[in-house]
Amino acid sequence: MPWVFALVGPVLVYRGVVSLRTDSRFQRTAQRAVGVVTQVRRDHTGDTSYDYPVVRFNLPDGRTVEAAAVQGAAPGRGSEGDRVDLLYNPENPTDIRIAGFMGSGQMGGIVLIIMGVMFVLMGVGIGSIFLLVG
């Protein structure tokens, strides 16, 4: 059974690294804007709920865009009418992230890496105990 931890761990680390690289690429090309939260969509996944703010903002050419953030946050982290700093993809302005560490996607990547390392260590530790005990 410890091999499951040892196999899942590297997969989680890989997904975390991919997430961080994707976010880094997005942040290098993203433009900044200030928007207004027009609604908050709540997604219930099992016992957990995530809020996805829908934000309206103006592009430099005057067009108005309304888009939902791709990263969810814990409920209560923004309400309708709140002004938020955001980043958007200039090639696809509906691809937005709320500016800051929590909204960027970095937290998810870091959590996946930490969990992956913990799984590998647990797999190695439990496997070592099984080998010693016989």
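Right above here is the structure, for reference.
All of the points below concern the structure found in this document.

Basis of the calculations
- Position numbers for residues count from 1 along each chain, tracking the sequence in the order it is written.
- Whole-chain, interface and lining totals are the exception, using all residues; otherwise, since this is a predicted model, local features are given only for residues with pLDDT of at least 70 and side-chain atom pairs are given and counted only at 80 or more.
- The basis for every side-chain value is the complete set of non-hydrogen atoms in the structure, without hydrogens or water.
- Helix and strand assignments follow DSSP, with helices taken as H or I runs no shorter than four residues and strands as E runs no shorter than two, numbered in order from the N terminus.
- To sort residues, take the accessible area from a 1.4 Å probe on protein chains only and compare it with the maximum for the residue type: under 20% means buried, over 50% means exposed, and anything in between is partly exposed.
- Between two residues, a contact is recorded if the distance between any of their heavy atoms is within 4.5 Å.
- Only the protein chains shown count as cover for residues, with accessible areas throughout obtained via the Shrake-Rupley method and a probe of 1.4 Å.
- Two N or O atoms count as a polar contact when they lie within 3.5 Å, although within protein this holds only if one can serve as hydrogen donor and the other as acceptor, and sequence-adjacent residues are included solely when both atoms are side-chain atoms.

## Topic: the overall build of the protein
Then step 1. Scanning the protein for helices and strands turns up 3 helices and 5 strands.
Then step 2. For the protein, the succession of helices and strands along the chain, N to C, is α-β-β-β-β-β-α-α.
Then step 3. Per-residue burial over the protein gives 28% buried out of 134 residues.
Then step 4. Sequence separation of at least 24 residues holds for 62% of the intrachain contacts in the protein that already meet a minimum separation of 6.
Then step 5. Per element, the accessible surface of the protein, about 8,600 Å² overall, is 59% carbon and sulfur.

## Notes on the environment of Val4
Then step 1. Looking at the secondary structure, you find Val4 in helix α1 (residues 2-29).
Then step 2. Given a relative accessible area of 31%, Val4 falls into the partly exposed group.
Then step 3. Put simply, Val4 and Gly123 are 119 residues apart on the chain and 7.1 Å apart in space, counted from C-alpha to C-alpha.

## Observations regarding the side chain of Asn89
Then step 1. Relative to the helices and strands, Asn89 is located in strand β4 (residues 83-89).
Then step 2. At a separation of 2.8 Å, a polar atom in the side chain of Asn89 contacts the main-chain amide nitrogen of Glu91.

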